[in-house]
Amino acid sequence: MKHIALVGLMISASLQAEPIFNGKDLTGWKGVGHEVIDGKIVCTSDKKEGACNLYTEKQYENFIFDFEFKVPPAGNSGIGIHSTGDGDAAYEAMEIQVLDSSDASYKDIDPIQHHGAIYKLQAAEQGFLKPVGEWNKQTIIVSGPHMFIILNGKLINRANLDELAAKHPEHKGVKRRSGHIVICGHSDPVEFRNLNVEELPATSK
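Residues numbered from 1 in each chain as written. Predicted model: local features only at pLDDT ≥ 70, side-chain atom pairs only at ≥ 80, totals over all residues. Heavy atoms only, no water.

Trainee: In this structure, what is going on with the overall build of the protein? I would like to understand it.
Mentor: Tallying secondary structure elements over the protein gives three helices and 13 strands in all. Residues counted as buried form 49% of the 205 residues belonging to the protein. Once local pairs closer than 6 in sequence are excluded, the contacts in the protein between residues at least 24 apart make up 66%. Counting every atom, the protein has about 9,800 Å² of accessible surface; 51% of that belongs to carbon and sulfur. (Helix = DSSP H or I, 4+ residues; strand = E, 2+ residues; numbered from the N terminus. Buried < 20%, exposed > 50% of the residue type's maximum accessible area, 1.4 Å probe, protein only. Contact = heavy atoms within 4.5 Å. Areas by Shrake-Rupley, 256 points an atom, 1.4 Å probe, with all protein chains shown as cover.)

Structural data, given as structure tokens:
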């Protein structure tokens, strides 16, 4: 209950969120593989191996990041947080999966690869994605070691990053506590719009 109350307080704070995508161009972003089409950020790369990452120019420590996304059938993308701005966001940062988990091609993948999972670190509750072709709303909240992921109004994942770091000492990204936000492209035309960030107070050292 304590965590759920915290989520409510942070969502209320998001009324002060600032847009980080102007709907016209990629001002404030850097990277490759994405374009603005009809007011949306869309992965347009046909690169089949490795991610095509689009990074915020600004770095963030604690924040509320809310956005809308739409996946095509079997669509695969992700949101990286606390990125260095280089390398594979799934490992040098942390990647929250954006995936059409309903597609039959994914029926045998590990739960830590499904939508809303912190990739290779912690699975998310499933069953709250809207049908393919509809817009979903997602919120990622980070405050110190605490992360909450909310999909279409449902809390699907909550994690203690310090605990995950202890369980996965080989994972560099889970130890990071600030960095860029990343849209991780995987050659599928996943669409994003209405991206907003509310920065939260820095964690006391």
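Trainee: Before we go on, may I ask you to explain the sheet that holds strand β2 (residues 29-31) in this structure?
Mentor: Neighbouring strands of a sheet are bound in pairs by backbone hydrogen bonds; such pairs are parallel or else antiparallel. Here five strands make up an open sheet; going across it, the order is β2-β5-β12-β7-β8 and the pairing antiparallel. The open sheet has two edge strands with one neighbour each: β2 and β8 (94-99). Each neighbouring strand pair of the sheet contributes to a mean axis angle of 20°, computed without reference to strand direction. Pairing of strand β7 (residues 76-83) with strand β12 (residues 179-185), which is carried by five bridges, proceeds in the antiparallel orientation. In the sheet register, I79 faces β12, and the bridge partner there is I183. (Pairing = 2+ DSSP bridges. Axes fitted to C-alpha atoms, helices over the stretch in contact; angles between N-to-C directions.)

Trainee: How do you make sense of the pairing of strand β10 (residues 146-151) when you look at a structure like this?
Mentor: Strand residues, when the strand is regular, have side chains that alternate between the two faces of the sheet. Along β10, five of the six residues are buried, which leaves the element largely enclosed by surrounding structure. Here six bridges tie strand β9 (residues 136-143) to β10, and the two strands are oriented antiparallel to one another. Directly across from T139, in β10, lies its bridge partner I150. Here β10 runs beside strand β11 (residues 154-160); their pairing, made up of six bridges, is antiparallel. Among the inter-strand pairings, I150 is bridged to a residue of β11, identified as L155.

Trainee: I tried to follow unusual backbone geometry on my own but got confused; where do I start?
Mentor: Negative phi characterises most residues that are not glycine, and trans characterises most peptide bonds. Here D38, not a glycine, exhibits a phi torsion of approximately 50°, which is positive. Along the polypeptide, D38 turns up in the loop between β3 (34-37) and β4 (40-43). The phi angle at K120 is positive, at roughly 65°, despite the residue not being glycine. Note on placement: K120 falls in the loop between β8 and β9. Of the residues examined, K120 reaches a relative accessible area of 32% and is grouped as partly exposed.

Trainee: Quick question: what am I supposed to make of the environment of K70 here?
Mentor: Note on placement: K70 falls in strand β6 (residues 63-70). C-alpha of K70 to C-alpha of V132: the two residues are 62 residues apart in sequence and 7.3 Å apart in space. Apart from residues lying up to four places away in sequence, K70 is in contact with G133, E134, W135, V190 and E191.

Trainee: When you look at the nonpolar core in this model, what are you seeing that I'm missing?
Mentor: Nonpolar side chains in soluble globular proteins generally cluster together in the buried interior. Counting residues in hydrophobic clusters, the biggest one holds 36 residues, and the most contacted among them are F65, I79, M147, F192 and L195. Top element by residues in this core is β6. It accounts for four residues. (Core = buried A, V, L, I, M, F, W, Y, C linked by side-chain atoms within 4.5 Å.)

Trainee: Even after reading the chapter, I still don't get the pattern of salt bridges, so can you show me in this structure?
Mentor: Side chains bearing opposite charge may pair, as long as their charged atoms lie close to each other. Per the counting criterion, the structure on display carries six salt bridges. The partner of E191 in a salt bridge is K40, and the shortest N-O contact between them spans 3.2 Å. With a gap of 151 residues between them, E191 in strand β13 (residues 191-199) and K40 in strand β4 connect regions that are remote in the sequence. The burial state of E191 is the same as that of K40; both residues are buried. Measuring nitrogen to oxygen at the nearest pair gives 3.2 Å for the salt bridge that ties E68 to R193. In this pair, E68 sits in strand β6 while R193 sits in strand β13, placing the two residues 125 residues apart along the sequence. Since its relative accessible area comes to 17%, E68 is described here as buried. (Salt bridge = Lys/Arg side-chain N within 4 Å of Asp/Glu carboxyl O.)

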